[in-house]
Amino acid sequence: MRLFSWRFIRVWQRNRDVFFRLWHSEAPGFIAEPIIILLAMGVGLGAYVGLVDGQEYIEFIAPGIIASYAMFSASFECTYGSFVRMEYQKTYDAIIATPLNVEDVTAGEIIWGATRSFMTGTVILVIAAAFQLVHSPWAVLIPAVSFLEGIMFAAIALLFTSIVPAIYSFNYYFTLFITPMFFFSGVFFPLSSFPQIVQALSWVAPLTPVVHLTRALVNGEFHAYLLGALALIITLTTLFFSLSLFTMRRRLAI
Amino acid sequence: MSSIKTKDLTKKFKDLLAVDSVNLEVQEGECFGLLGPNGAGKTSLIRMITAVSLPTKGDIWVLGNNLKTHSRQVKAIMGVVPQVDNLDEDLTVLQNLMTFARYFNIPKDEAYRRSMELLNLLELENKRNSHIRELSGGMKRRLLLVRGLINLPKILILDEPTIGLDPQAKYLVWHKLKELKSQGVTQLLCTQNMEEATALCDRVAIMHQGKILSLDSPQELISRYVGNEVWEIEVDPDERSMIVKELENRRLDFEDIVNKIHIFHIESYESLTGLKNFASKLRQRSATLEDVFFRLTGRSLLE
């Protein structure tokens, strides 16, 4: 396997420049939508939900909304976004004829996807803080968690992108992978009431450890199992990052 | 030193041998033409030489550097003008050039200076703030050339650089390429345009089914395979067999195409004396690289 070099930053800069030229078309999705979900579920549905420890429902879901929308950002960026750049605009073909190689492009795309997660996570954190839903100074670490989470989801997404034949294939990715995680990773309800099998599945879903970690940082309540969660995130990130370096070379350098 | 050298260069796709043990040597400062029908393997060859695709077998050296170990260094001194338009549609014309320059680590003000200069040369300066989708096909091709020159390459790889250009733009591009040659820039030019190859190339390789069939200067290829002039007979179907028989009797080198016959390698006009009695529509024209191309690669469609 070949490794990437510092030159990946050039791809990141290219994506950053494009994003800040067009950001107003992306902002509603990633800022307005989480606010709507937070208010609709938290205030609307929350009026009917009583939590055991007297916590408000909106407080319970806020950390999960941060983690989920950070996931969505990296996932959209490195599926539809990367696929359009790769197949329709042939942007990567042009780049790999310069001193950059396929691995630099791959790393640049993943780190850019992670940057999108970082921005989304940070913005929602600030909004949550404005609604007084953040109770611990440890929450300042959340942007870093969102960034790490972003690397993981960007790498998984780009791996998928590097093997799909057409853009329609992403429907499967979102319907069968991303959306189920949004509902079964402990964002909206604890999973303790579900059968063992669902709980087990939920624990291997990459969003679950992120939700737990984010929730702990928002509330300032830590448990030993969070170290396991962090280890799981790092392991999955390393695994999928390495795999995507390999599959992207196979796709582009034929 | 040779600028580009390949040894046993081979590219195999699943069940297709696209490039078959090609050995070629491009000299420094020369314009080397690569001619061949669609599917001959030209683009596969170029993709390997530009280090975007790995050879199945064989080696490539660029200015003495093996591409297997020095691809970044080689790509830094190469300019590539691809056949497919892969301009960055998310950026404007000037941003395309500035972003591309950044891939080569060219400082910002230097990149700006070069961009403006090159845009001027190819008469695109008024379009610098346009979006790519607002450009015509011809402007896009010119912009691809500008982009390929942004790193002041020592070697320029051109895949059909003037395809789809109007005559004015075509001559502008040719002029620029000749000027670059006089500055010592080596050029590898892949083209289907025989006029272009004749006008620009010092040497031409004719490629067919993954192999190089013949390699020489355009003039040398013409005199070797065709002779300096071609005699063309327009043939009516009912007189065809008679004319063919007469040409055979005279031991002439000719090619029988559906409604035309071409006669090559005329050494003396004596061999044509009295031929008018058989073929009324006989006329002479000068031989071109296209005649060579047809003689070597055949007339049937290959795809």
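Residues numbered from 1 in each chain as written. Chains lettered and ligands numbered in written order. Predicted model: local features only at pLDDT ≥ 70, side-chain atom pairs only at ≥ 80, totals over all residues.

Draft legend 1. Quick peek at the overall build of chain B. A count of helical and extended segments in chain B gives ten helices and 14 strands. In terms of overall dimensions, chain B has a C-alpha envelope of 75 × 45 × 35 Å along the principal axes. Intrachain contacts of chain B at a sequence separation of at least 6 include 71% that bridge at least 24 residues. (Helix = DSSP H or I, 4+ residues; strand = E, 2+ residues; numbered from the N terminus. Contact = placed C-beta atoms within 7 Å.)

Draft legend 2. Structural view of the overall build of chain A. Helix and strand counts for chain A come out as nine helices and zero strands. Reading chain A from its N terminus to its C terminus gives the helix and strand order α-α-α-α-α-α-α-α-α. The C-alpha atoms of chain A give 18 Å as radius of gyration, which agrees with the globular expectation for 254 residues (18 Å, within 12%). With the principal axes as the frame, chain A shows a C-alpha extent of 60 × 40 × 35 Å. Expressed as a percentage of its 254 residues, the buried residues of chain A come to 48%. Within chain A, contacts between residues separated by at least 24 positions form 80% of all contacts whose residues are at least 6 apart in sequence. (Rg over C-alpha atoms; globule rule 2.2 N^0.38 Å. Buried ≥ 20, exposed ≤ 12 C-beta atoms within 10 Å, placed from the backbone.)

Draft legend 3. Broad picture of the pairing of strand S2 (residues 16-27) of chain B. Residues and elements named next belong to chain B. By the bridge criterion, eight bridges tie strand S1 (residues 2-13) to S2 in an arrangement that is antiparallel. Within S2, the residue paired with Lys12 across the bridge is Leu17. Connecting the antiparallel pair S1 and S2 is a turn made up of two residues. (Pairing = 2+ DSSP bridges.)

Draft legend 4. Up close: the packing of helix H2 (residues 57-88) of chain A against helix H6 (residues 170-184) of chain A. Residue and element names in this part refer to chain A. The N-to-C vectors of H2 and H6 enclose an angle of 170°; their axes lie 12 Å apart at closest approach. Classified by the angle between their axes, H2 and H6 sit roughly antiparallel to one another. In this structure, H2 uses Ser68, Ser75, Thr79 and Tyr80 to contact H6, whose residues at the interface are Phe170, Tyr173, Ile178 and Phe182. (Axes fitted to C-alpha atoms, helices over the stretch in contact; angles between N-to-C directions. Parallel < 35°, antiparallel > 145°, perpendicular 65-115°, else oblique.)

Draft legend 5. Up close: unusual backbone geometry. Residue and element names in this part refer to chain B. Non-glycine residue Leu152 carries a positive phi angle of around 45°. Positive phi is not limited to glycine here, since His265 has a value of about 50°. Tracing the backbone through its elements, the reader meets His265 in the loop between strand S13 (260-264) and strand S14 (282-286). With 17 C-beta atoms counted inside 10 Å, the residue His265 sits in the partly exposed group.

Draft legend 6. Spatial organisation of the sheet that holds S1 of chain B. All names here are of chain B. The strand order across the open sheet built from four strands is S2-S1-S4-S5, with neighbouring strands paired in antiparallel fashion. The open sheet has two free edges, formed respectively by S2 and strand S5 (65-66), since each of these has just one partner strand. Examined bridge by bridge, strand S4 (residues 57-62) and S5 share two bridges and lie antiparallel to one another. Paired with Trp61 across the bridge in S5 is Asn66.

Draft legend 7. Here's a closer look at helix H4 (residues 102-130) of chain A. Look at H4 of chain A: 42 Å from first C-alpha to last across 29 residues, which is about the 42 Å you get at 1.5 Å a residue. Burial of H4 of chain A is extensive: 24 of the 29 residues sit out of reach of the surface. (Expected span 1.5 Å × (residues − 1).)

Draft legend 8. Layout of the interface of chain A and chain B. Each partner contributes residues to the interface: chain A has 19 residues there, and chain B has 20 residues. Going through the elements one at a time, helix H1 (8-44) and helix H3 (91-95) of chain A are the ones with two or more residues in the side of chain A that touches chain B. Per-element tally for the side of chain A that touches chain B: the top contributor is H1 of chain A, with five residues. Of the residues in the side of chain A that touches chain B, the class split is nine nonpolar, five polar and five charged. (Nonpolar A, V, L, I, M, F, W, Y, C, P; charged D, E, K, R; others polar.)

Draft legend 9. Region of the structure containing the sheet that holds strand S7 (residues 155-159) of chain B. All names here are of chain B. The strand order S6-S7-S8-S3-S9-S10 describes an open sheet built from six strands, whose pairing is mixed. At either margin of the open sheet sits one strand with a lone partner, and together these are strand S6 (78-81) and strand S10 (211-216). Along the sheet, successive strands turn relative to each other by an average axial angle of 15°, direction set aside. Where strand S3 (residues 31-35) lies against strand S8 (residues 186-191), five bridges are found, and the strand directions are parallel.

Draft legend 10. Inspection of the confidence of the model for chain A at higher detail. With 100% of its residues at a pLDDT of 70 or more, chain A shows a mean pLDDT of 92. Averaged pLDDT values for the elements of chain A fall to 85 in helix H7 (residues 196-204) of chain A and rise to 98 in helix H5 (residues 142-161) of chain A. (pLDDT = per-residue confidence, 0-100.)

Draft legend 11. Quick peek at H6 of chain A. Residues and elements named next belong to chain A. A rise of 1.5 Å per residue sets the reference length of H6, with its 15 residues, at 21 Å; its end C-alpha atoms lie 20 Å apart and thus fit the reference within 8%. Listed as buried for H6 are Ile178, Met181 and Phe182. Against H2 and helix H8 (207-219) lie the buried residues of H6. Gly186 sits one or two positions beyond H6 and adopts a positive phi of about 80°.

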